[in-house]
Amino acid sequence: QVQLVESGGGLVQPGESLRLSCAASGSDFSLYTMVWYRQAPGKQREWVASITSDQFTKYGASVRGRFTVSRDNAKDSVYLQMDSLKPEDTAIYYCSTLWRGNDYWGQGTQVTVST
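As the structure is a prediction and not an experimental result, all values here were calculated from the model.

Asks: Got a minute to help me understand the sheet that holds strand β3 (residues 18-24) in this structure?
Replies: As a general point, the strands of a sheet are linked pairwise by backbone hydrogen bonds and lie either parallel or antiparallel. Across the sheet, which stays open at both edges, the four strands sit in the order β1-β3-β8-β7 with antiparallel pairing between neighbours. Strands with a single pairing partner mark the edges of an open sheet, and in this sheet they are β1 (4-7) and β7 (67-72). In this sheet, neighbouring strand axes are inclined to one another by 15 degrees on average, regardless of whether the strands run parallel or antiparallel.

So, in structure tokens, the structure goes:
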């Protein structure tokens with residue numbers, strides 16, 4: 001069983017930054033590939049970024065160059081540093097992992113980018 005809890009969302013203006021955190025339970029965290037998704041109102045869920053157990057990272061085209069995913073295995077946590085935020089980044093952000101055939105999701109954290 002894996003539990004994921006996101007935090008760090010909020011309301012920011014365009015061009016500002018936010019850092020999301022996702023804390024995981026489970027003794028095998030260092031082995032998980034962790035993934036960030038987002039879902040904007042009225043839109044399908046979108047893959048944002050992922051980081052493997054050996055720190056290999058990938059990004060969606062819409063966030064590449066602005067967002068950075070990282071992990072701290074000592075803290076069982078993964079992070080999403082979001083810079084140069086745009087109104088179109090407004091969404092609920094979720095962290096997720098697939099472990100031993102099961103999908104695990106956090107409850108999500110709201111990010112709103114608006115003037």
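Asks: Whenever I open this one, unusual backbone geometry confuses me. Can you help?
Replies: Backbone geometry follows two general trends: most residues other than glycine have a negative phi, and most peptide bonds adopt the trans configuration. Positioned with a positive phi, Gln55 is a non-glycine residue whose angle comes to about 75 degrees. Relative to the helices and strands, Gln55 resides in the loop between β5 (46-51) and β6 (57-59). The partly exposed category is assigned to Gln55, whose relative accessible area is 42%. At Arg100, a position not held by glycine, the phi torsion is positive, near 50 degrees. Note that Arg100 resides in the loop between β9 (91-99) and β10 (102-105).

Basis of the calculations
- Residues numbered from 1 in each chain as written.
- Predicted model: local features only at pLDDT ≥ 70, side-chain atom pairs only at ≥ 80, totals over all residues.
- Heavy atoms only, no water.
- Pairing = 2+ DSSP bridges.
- Helix = DSSP H or I, 4+ residues; strand = E, 2+ residues; numbered from the N terminus.
- Axes fitted to C-alpha atoms, helices over the stretch in contact; angles between N-to-C directions.
- Buried < 20%, exposed > 50% of the residue type's maximum accessible area, 1.4 Å probe, protein only.

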